[in-house]
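This is what each chain is made of:
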Amino acid sequence: DSGVTQTPKHLITATGQRVTLRCSPRSGDLSVYWYQQSLDQGLQFLIQYYNGEERAKGNILERFSAQQFPDLHSELNLSSLELGDSALYFCASSAATGTSVTDTQYFGPGTRLTVL
Amino acid sequence: GQNIDQPTEMTATEGAIVQINCTYQTSGFNGLFWYQQHAGEAPTFLSYNVLDGLEEKGRFSSFLSRSKGYSYLLLKELQMKDSASYLCAVRSDSNYQLIWGAGTKLIIKP
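A. Structural view of the interface of chain B and chain A. At the interface, 17 residues of chain B touch 23 residues of chain A. Around 1500 Å² of area is buried between chain B and chain A when both sides are counted, 56% of it from carbon and sulfur atoms. The interface formed by chain B and chain A holds zero salt bridges in total. Between the two partners, chain B and chain A, sit four residue pairs in polar contact (both at pLDDT 80 or more). At the level of secondary structure, the elements contributing two or more residues to the side of chain B that touches chain A comprise strand S4 (32-37), strand S5 (44-49), strand S9 (84-91) and strand S10 (98-100) of chain B. It is S4(B) that contributes the most residues to the side of chain B that touches chain A, three residues altogether. Taken together, the residues of the side of chain B that touches chain A sort by class into 11 nonpolar, four polar and two charged.

B. Layout of the sheet that holds strand S7 (residues 60-65) of chain B. Residues and elements named next belong to chain B. The sheet built from five strands is open, its strands ordered S1-S3-S8-S7-S6 with antiparallel pairing. Across the chains shown, the open sheet's two edge strands, defined by having one partner strand only, are strand S1 (3-5) and strand S6 (53-57). Across the sheet, the axes of successive neighbouring strands diverge by a mean angle of 15 degrees, strand direction being ignored. The sheet contact formed by strand S3 (residues 18-25) and strand S8 (residues 70-75) spans six bridges and is antiparallel. In the strand pairing of S8, threonine 23 is matched with tyrosine 70.

Thresholds, definitions, all that
- Residues numbered from 1 in each chain as written.
- Chains lettered and ligands numbered in written order.
- Predicted model: local features only at pLDDT ≥ 70, side-chain atom pairs only at ≥ 80, totals over all residues.
- Heavy atoms only, no water.
- Contact = heavy atoms within 4.5 Å.
- Buried area = accessible area lost by both parts, 1.4 Å probe.
- Salt bridge = Lys/Arg side-chain N within 4 Å of Asp/Glu carboxyl O.
- Polar contact = N/O pair within 3.5 Å; in protein donor to acceptor, adjacent residues only side chain to side chain.
- Helix = DSSP H or I, 4+ residues; strand = E, 2+ residues; numbered from the N terminus.
- Nonpolar A, V, L, I, M, F, W, Y, C, P; charged D, E, K, R; others polar.
- Pairing = 2+ DSSP bridges.
- Axes fitted to C-alpha atoms, helices over the stretch in contact; angles between N-to-C directions.

Next up, the structure:
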C-alpha cells in the first residue's frame with residue numbers, strides 16, 4: 001500500500017458525459033501527478049500540482065482539467081468523454097516539487113474508466 | 001528529442017536471472033527510476049540511480065552508466081510473481097519531469 005488513495009476504483013459512463021476522479025496523496029506529500037494509461041500502453045503524464053499550484057503540464061487534453069485543494073487532495077475532471085478516453089487513470093504523489101533528485105513518485109491504485 | 005528505449009517483451013525461466021535494459025536520450029539527467037507494474041495495477045517503485053554503478057536491493061539490482069545513457073535492471077532467482085511490466089523513467093533537468101519508457105513485459109515460465 002503506497003498510501004495514495006484514489007476513488008472511485010471503477011467508473012462506467014457514456015460518451016459525452018463528465019466525470020470527476022479523486023486522489024488523496026500520501027501524508028506529508030505536497031505534489032500530485034496525474035497519468036493516463038490506455039490498454040497495453042505506457043504511462044502518459046497529464047499534469048502536476050504542487051501545494052495547490054499547477055507545476056507542470058503534459059499531454060492533457062483541453063477537455064480535461066485538474067485542481068489541488070488546500071487539504072492537498074486533487075481532482076481530475078474529464079468532460080465530453082469519448083470512447084478513446086477509456087483508460088486507467090493513476091494519481092501519484094511525492095514529497096516535493098520534483099526538483100530534488102531523490103524525489104520519488106508513489107502511485108495510487110488507479111481509477112479504471114470505461115466510456116461506452 | 002527525448003527518448004527512452006526498452007525491449008517490449010522478455011521471457012525467462014523461474015529461478016534464473018534476467019537483465020532488462022534501458023537506453024535514454026534526454027535533455028539533461030537527474031536520475032533514473034525503475035518501477036514494477038503488474039497488469040491492471042499501479043506501478044510500484046523499485047530503485048533509483050543517479051550516480052554510475054550498481055545499486056543492489058535484495059533480488060533486484062539496478063545499474064547506471066551516464067556516459068552511455070544506459071541502465072539495466074537485474075532480477076535474480078526469478079519467481080512467478082515477478083511476471084510484470086518493468087518501467088524505466090528518467091528525470092530530465094529541463095523541467096524535472098519524469099520521462100517514461102513504454103515498459104518491458106517480463107514473462108516467467110516454470
